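Examining the three-dimensional arrangement
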Amino acid sequence: MRVLVTGCNGFVGSVMCARLSELGHTVIAWDNGARGLNDVSLLPHVTYKRLDLLKGDWPTIHRGWLDGIFHFAAGTGSLDRPLDELRVLNLSMTQKLFHWALSLDVRVFVYPTTSLALGVPDSPYVISKEETVAWLGEMATSTPRIEQKLLLCRFFNVAGAYRGFTERRQHEVHILPTLYAAHRDGKVFVINGHDYATVDGTPSRDFIHVLDVVDYLIYLTQRRLAGEQEALQVHNIGTGIPTTTLQMATLARQMLGQIDVQYGPRRPYDTGELRCPDAARVHAWRPLQGIEAIVRDELAALMDAEEESVDGAA
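A short tour of the structure in this document, coming up. Source: prediction; values computed, not measured.

What follows deals with the nonpolar core. By size, the foremost hydrophobic cluster in this structure holds 39 residues, and its most contacted members are Val5, Met16, Leu20, Phe70, Phe155 and Leu217. Once residues lying within four places of it in the same chain are set aside, the contact partners of valine 5 are Gly13, Met16, Cys17, Leu20, Val27, Ile28, Ala29, Trp30, Phe70 and Phe72. Leu51, Ile61, Trp100 and Phe109 belong to the second-largest nonpolar core, a separate cluster that totals 28 residues.

Another point: the sheet that holds strand β6 (residues 150-155). Spatially, β3-β2-β1-β4-β5-β6-β10 is the arrangement adopted by the seven strands of the open sheet, whose pairing is parallel. Both outer strands of the open sheet, β3 (46-50) and β10 (234-237), are each paired with one neighbouring strand and no more. The mean inter-strand angle of the sheet, taken between neighbouring strand axes irrespective of direction, is 20°. Relative to strand β2 (residues 26-31), strand β1 (residues 2-6) runs parallel, the two sharing five bridges. Opposite valine 3, over in β2, you have valine 27 as the bridge partner. Here helix α3 (residues 124-142) sits on the sheet and contacts β5 (108-114), β6 and β10; the angle it forms with β5, its principal contact strand, is near 150°.

Spatially, the three strands line up as an open sheet ordered β7-β9-β11, and their pairing is mixed. The sheet is open, and its two borders are formed by β7 (157-159) and β11 (242-244), each paired with just one other strand. Adjacent strand axes in the sheet meet at a mean angle of 55° when their direction is disregarded. Relative to strand β9 (residues 204-209), β7 is paired through three bridges, and the arrangement is parallel. Counted as the bridge partner of asparagine 157 is phenylalanine 207 from β9. Sitting on the sheet, helix α6 (residues 210-225) touches β7 and β9, and the angle it makes with β9 is about 65°.

On to the environment of aspartate 52. Here aspartate 52 lies in the loop between β3 and β4 (68-71). In the structure, aspartate 52 is positioned 91 residues away from threonine 143 in sequence and 28 Å away in space, judged by C-alpha atoms. Separated by 3.0 Å, the side chain of aspartate 52 and the backbone nitrogen of leucine 54 make a polar contact.

We now examine the pattern of salt bridges. This structure, assessed with the given rule, holds 20 salt bridges. A salt bridge links arginine 107 to aspartate 67; the nearest nitrogen and oxygen atoms lie 3.6 Å apart. Pair noted here: arginine 107 is in the loop between α2 (83-103) and β5 and aspartate 67 is in the loop between β3 and β4, with a separation of 40 residues, a long-range link. Residue classification places aspartate 67 among the buried residues on the basis of a relative accessible area of 12%. Among the ionic pairs, aspartate 185 bridges to arginine 184, the shortest N-O distance being 2.8 Å. For aspartate 185, a relative accessible area of 39% corresponds to the partly exposed category.

Even without a glycine there, the phi angle at histidine 171 is positive, about 60°. Within the element layout of this structure, histidine 171 appears in the loop between β7 and α5 (175-185). Positioned with a positive phi, tyrosine 269 is a non-glycine residue whose angle comes to about 70°. By secondary structure assignment, the location of tyrosine 269 is in the loop between β12 (260-264) and α8 (279-285). With a relative accessible area of 26%, tyrosine 269 lands in the partly exposed category.

Attention now goes to the pairing of β9. When a strand is regular, its side chains alternate between the sheet's two faces. Across the six residues that make up β9, a large majority, six, are buried. What you see with β9 is no split at all: Ser204, Asp206 and Ile208 on one side and Arg205, Phe207 and His209 on the other are buried throughout. Pairing geometry for β9 and β11, over three bridges, is antiparallel. Bridged to aspartate 206 within β11 is proline 242.

Time to look at the side chain of arginine 224. Relative to the helices and strands, arginine 224 resides in helix α6. Discounting chain neighbours no more than four positions away, the residues touching arginine 224 are Val108, Glu147, Gln148, Lys149, Leu150, Leu151 and Glu230.

Another point: the packing of α5 against helix α7 (residues 245-256). Axis separation between α5 and α7 bottoms out at 10 Å; the angle between their running directions is 50°. In terms of orientation, α5 lies oblique with respect to α7. Crossing geometry of α5 relative to α7 is assigned as right-handed. For the pair α5 and α7, contact is made by Ile175, Leu176, Leu179, Tyr180 and His183 and by Thr245, Met248, Ala249, Ala252 and Leu256, respectively. When its residues are assigned to classes, the contact of α5 with α7 shows eight nonpolar, two polar and no charged.

Rules of the game
Residues numbered from 1 in each chain as written. Predicted model: local features only at pLDDT ≥ 70, side-chain atom pairs only at ≥ 80, totals over all residues. Heavy atoms only, no water. Core = buried A, V, L, I, M, F, W, Y, C linked by side-chain atoms within 4.5 Å. Buried < 20%, exposed > 50% of the residue type's maximum accessible area, 1.4 Å probe, protein only. Contact = heavy atoms within 4.5 Å. Pairing = 2+ DSSP bridges. Helix = DSSP H or I, 4+ residues; strand = E, 2+ residues; numbered from the N terminus. Axes fitted to C-alpha atoms, helices over the stretch in contact; angles between N-to-C directions. Polar contact = N/O pair within 3.5 Å; in protein donor to acceptor, adjacent residues only side chain to side chain. Salt bridge = Lys/Arg side-chain N within 4 Å of Asp/Glu carboxyl O. Parallel < 35°, antiparallel > 145°, perpendicular 65-115°, else oblique. Left-handed = near helix turned anticlockwise from the far one by under 90°. Nonpolar A, V, L, I, M, F, W, Y, C, P; charged D, E, K, R; others polar.

Written as structure tokens, this is what we have:
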């Protein structure tokens, strides 16, 4: 395949580049450098460019050359980030990229939304992502040939690592990097809420290994390129197996050692449990890696990155 990966310095984008490179595909990789800290520029078969999609300064690519686009660039951060700002970063940016993709007759356009839509649909981040999915759906409805170009998906909690690429972003807020930082710096790890209807009262999420996610997306894309026809849908990608925040902290302690855990109040847009409703379909594709492998791989990658940073500074 010949593909474009946007948001290539981010977590899923960088692992997608690494995996495609390893499989011998040709990859164009774009990122604006605003948040992701993974460097894909030295991967074989990958041509990296720092580029701001909002400026619409697209490099020249011949019509029909690109097989697919994996559009992972997005506005993220806190769930209460202003909606107008997120609409620009998610909806407007995707609209520009999608129209550009149509002009080049790109065959498959992959766009992910978030599992938080199933728990906190009124958060600005979720609204901006779901509005983008709705707009893409309207485009497909109005122009039938577009339907088979769209591959929509909903990520549950992607974690883990692959070939050293993991959750390394500026202002990282996700659970495993936060647990690692709490251990490293001797700070308290705060669990927000302990009165949810879960096995231990703490919030639970459906964690899925990043390699399973990117391989599943490659699989779906190749099926589409092979001519498989399907009605437009959102592919939910998760294991269907919830793990609570306290359980994650316990697993991290087993690998790292002491982490001081305390309970705090619920925050705006927090939710108790998120679980993939279509997990059986993903499990039927291949066996998925479990939570222990996810925690092991990510914490090991974070520790390795820390050691490389220290060695480099020395």
